[in-house]
Amino acid sequence: MLRPGSLYPARHRLERQRAIAADWEVSENNQRVRVYRLTAAGRKLLAAERSKWEQLTGVMAGLFMPPAESEP
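Sequence positions are assigned chain by chain, starting from 1 and proceeding in written order. Per-residue local features are limited, in this predicted model, to residues with pLDDT of at least 70; the limit for side-chain atom pairs, both in listing and counting, is 80 or more; totals at the level of whole chains, interfaces and linings are taken over all residues. Calculation of side-chain values draws on the structure's entire complement of heavy atoms; hydrogens and water are dropped beforehand.

Asks: An account of the pattern of salt bridges is needed here, citing residue identities and associated values.
Replies: Think of a salt bridge as a Lys or Arg side-chain nitrogen and an Asp or Glu carboxyl oxygen that are within 4 Å of each other. Tallied over the full model, the rule gives two salt bridges. For the salt bridge of E15 with R11, the shortest nitrogen-to-oxygen distance reads 3.8 Å. Of the two residues, E15 and R11 are both situated in helix α1 (residues 4–16); the distance of four residues between them amounts to about one turn of the helix. For E15, a relative accessible area of 26% puts it in the partly exposed group. A run of H or I in DSSP becomes a helix once it reaches four residues, and a run of E becomes a strand once it reaches two; helices and strands are each numbered from the N terminus. For every residue, the accessible area (1.4 Å probe, protein chains only) is compared with the maximum for its type, and the residue is labelled buried under 20%, exposed over 50%, or partly exposed between those bounds.

Asks: Help me get a handle on the side chain of T39, residues and values and all.
Replies: Residue placement: T39 occurs in the loop between β2 (32–38) and α2 (40–64). According to the relative accessible area criterion, T39 is buried, its value standing at 14%.

Asks: How would you explain unusual backbone geometry if you had to name every residue and give the values?
Replies: Unusually for a residue other than glycine, R18 sits at a positive phi of about 60°. If you trace the backbone, R18 turns up in the loop between α1 and β1 (20–26). If you check the backbone angles, N30 has positive phi at about 65° while not being a glycine. With respect to the secondary-structure elements, N30 resides in the loop between β1 and β2.

Asks: Which residues make up a nonpolar patch on the surface, and what values go with them?
Replies: A surface patch of nonpolar side chains, amounting to about 690 Å² of accessible area, comprises W53, L56, V59, M60, L63 and F64. Along the chain, M60 turns up in helix α2. Classification of M60 as partly exposed rests on a relative accessible area of 36%. Like charges are joined within 9 Å and nonpolar side chains (Val, Leu, Ile, Met, Phe, Trp, Tyr) within 5 Å, but only among residues with over 30% relative accessible area and no salt bridge; these make up the patches. Areas reported as accessible are Shrake-Rupley estimates using a 1.4 Å probe. Residue values count occlusion only from the protein chains shown.

Asks: Describe in detail the pairing of β2, supporting the description with residues and values.
Replies: Inspection of the sheet shows β1 paired to β2 by seven bridges, in the antiparallel sense. When the sheet's bridge partners are listed, A22 is paired in β2 with Y36. For two strands to be treated as a pair, DSSP must find at least two bridges joining them. Connecting β1 to the antiparallel partner β2 that follows it, the hairpin turn spans five residues, and N30 within it adopts a positive phi of roughly 65°.

Asks: Provide a residue-level description of α1, including the pertinent values.
Replies: Think of an α-helix as 3.6 residues a turn; residues three or four steps apart then line up on the same face. Taking 1.5 Å as the rise per residue, α1 with 13 residues should run 18 Å; its terminal C-alpha atoms sit 18 Å apart, in good agreement. A positive phi of about 60° marks R18, the residue just after α1. The span expected for a helix works out to 1.5 Å for each residue beyond the first.

Asks: Give me the packing of aromatic side chains: which residues, what numbers.
Replies: Here a ring pair, both rings aromatic, is described through the centre-centre distance and the interplanar angle of the planes. Stacked, tilted and edge-to-face are the three classes assigned to paired rings of Phe, Tyr and Trp, where Trp is represented by its six-membered ring and a pair needs centres within 6.5 Å; plane angles under 30 degrees give stacked, over 60 edge-to-face, the rest tilted. What the rule picks out here adds up to zero aromatic pairs. Put simply, a charge is over a ring when the Lys NZ or the Arg CZ is close to the ring centre, within 6 Å, and near the line of the ring normal, within 35 degrees. The ring of W24 carries R32 above its face, with NZ or CZ at 4.3 Å from the centroid.

Structural data, given as structure tokens:
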């Protein structure tokens, strides 16, 4: 479960990095809501982080998968 104590610092960090931008909008039930969008810098950051994640999961999968048996 994601805790607010970790969510808000992450959101602030992404705003400082200009990876996300926020605007106020009015919802269907007439309440003001803050809407976040990914910026161009955010898309670059996401691609870089996704690449790191895929490398890490690939290494971890290699550690836990039994070696392939060689054919005779």
